[in-house]
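Summary of structural features
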Amino acid sequence: MSKKLLRQLTLARCIPHRPYKLTASQLQVKLEEEGIHVSLRTVQRDLEEMSGMGLFDLTSDERSKPHGWCFERHGLNDFANIMPLSLAVALKTWSDQASQLLPASVLTELNPLVDKASQVIRDSQSELAERWLESVHQSPRPFAGNPEIRRSTLIRDALWRGRKFSAEIQRVIKERTVWLCYDRINPLGILNQADGPTLLCTLSELDPKVYGIPFDHIKDVELTNFSATQPKDFNIQRLIREQSYQGVSGPIRFVGRIDANSATLADGQIPGHNPRMTRYDKRSVVVETEVQDTPEFRNWLNNMEGNLEVLAPESLRKAYPTTRAN
């Protein structure tokens, strides 16, 4: 594929549909975000050439300067005519149920396709499709001005665009909850969990550790102009699989029932600060300790398999359901 064709295809993805418009200068910035660096004049020539080709009715609004470029909505009619009903139902269901999982910039590009999917469903007059959409519960959409929605959108946009961002993060220091400001949070991934999404990131160039921070512990997010970077040998799938990331909310209160004959008790190798032990019965002891939820602590839990029952916190009890004291 030639550089020119690749550039024009990328440009086509960046152009919105009416009533939204972008100037050539704004489109040049979007190309740069995609890693394509060309002059403003090159972008203008591409737009004029694409418009002359009649590509999906690309048009410019010449009523004011600088001109705004957009695709006419009816320019997608050809695509709608060949969109299978099954794909239309899938798009509409996804839009109603899970659209918040994508960054706002992607949603803007997909909105015309979702509109067309709705049109395909209406035009098909399919009883199956209509019954499906009526029968599937549609979660109410949160108010767009909700600060939680803005936070989630900006975090996802930072990951999508490969940009660092500033924010305040909740920490627990000496049993006090505080909010600390970080100016170059480096997003690496998002882990969607049952209790909400977690951002995997590094917090500074001087700290190579990867942290897992719940979205609820992040506020006042603002994107920066600094590009995100990946640590050397970083592999997000391995990181998640091995749980090799660390929380920043402070120590957790761990409670577990341990086999009284365990070598860990004999050697006094209970992790954490000032562990407390209480006899539970003739065969086991309850241990309470304040400990950082680190990879080393997780390894200790794994090594205790068969000799330990996790009692608290709930998140660890669910993560280690088969680890039980004798």
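This one's a predicted model, so the numbers in the text were calculated from it and none came from an experiment.

1. Topic: helix α3 (residues 40-52)
For α3, which comprises 13 residues, the first-to-last C-alpha distance of 18 Å matches the rise-based estimate of 18 Å (1.5 Å per residue) to within 8%. Burial in α3 covers these residues: T42, V43, D46, L47 and M50. The arc that holds every buried residue of α3, seen down its axis, measures 135 degrees, which confines them to one face. Residues of α3 that are buried in the fold lie against α1 (3-14), α2 (24-33), β2 (58-61) and β3 (68-71).

2. Let's talk about the pattern of salt bridges
As enumerated under the stated definition, the model contains 9 salt bridges in all. Note that R151 is salt-bridged to D216, the shortest N-O span being 3.4 Å. Here D216 lies in the loop between β7 (211-214) and β8 (218-227) and R151 lies in helix α8 (residues 147-161), a separation of 65 residues in the sequence. For R151, a relative accessible area of 14% translates into the label buried. Taking the relative accessible area as the measure of exposure, D216 reaches 53% and is therefore exposed. Here E205 makes a salt bridge to K164, at a shortest N to O gap of 3.7 Å.

3. Notes on the sheet that holds strand β12 (residues 308-312)
Here 4 strands make up an open sheet; going across it, the order is β10-β11-β9-β12 and the pairing antiparallel. Taken across any chain shown, the strands that pair with only one partner, and hence form the sheet edges, are β10 (273-279) and β12. Put simply, the sheet's adjacent strands are angled 25 degrees from each other on average, direction ignored. Note: β10 against strand β11 (residues 284-291), 5 bridges, orientation antiparallel. From the neighbouring strand, H273 faces β11, where its bridge partner is E290.

Reading the values: the criteria
- Residues numbered from 1 in each chain as written.
- Predicted model: local features only at pLDDT ≥ 70, side-chain atom pairs only at ≥ 80, totals over all residues.
- Heavy atoms only, no water.
- Helix = DSSP H or I, 4+ residues; strand = E, 2+ residues; numbered from the N terminus.
- Expected span 1.5 Å × (residues − 1).
- Buried < 20%, exposed > 50% of the residue type's maximum accessible area, 1.4 Å probe, protein only.
- Arc of directions from axis to C-beta.
- Contact = heavy atoms within 4.5 Å.
- Salt bridge = Lys/Arg side-chain N within 4 Å of Asp/Glu carboxyl O.
- Pairing = 2+ DSSP bridges.
- Axes fitted to C-alpha atoms, helices over the stretch in contact; angles between N-to-C directions.

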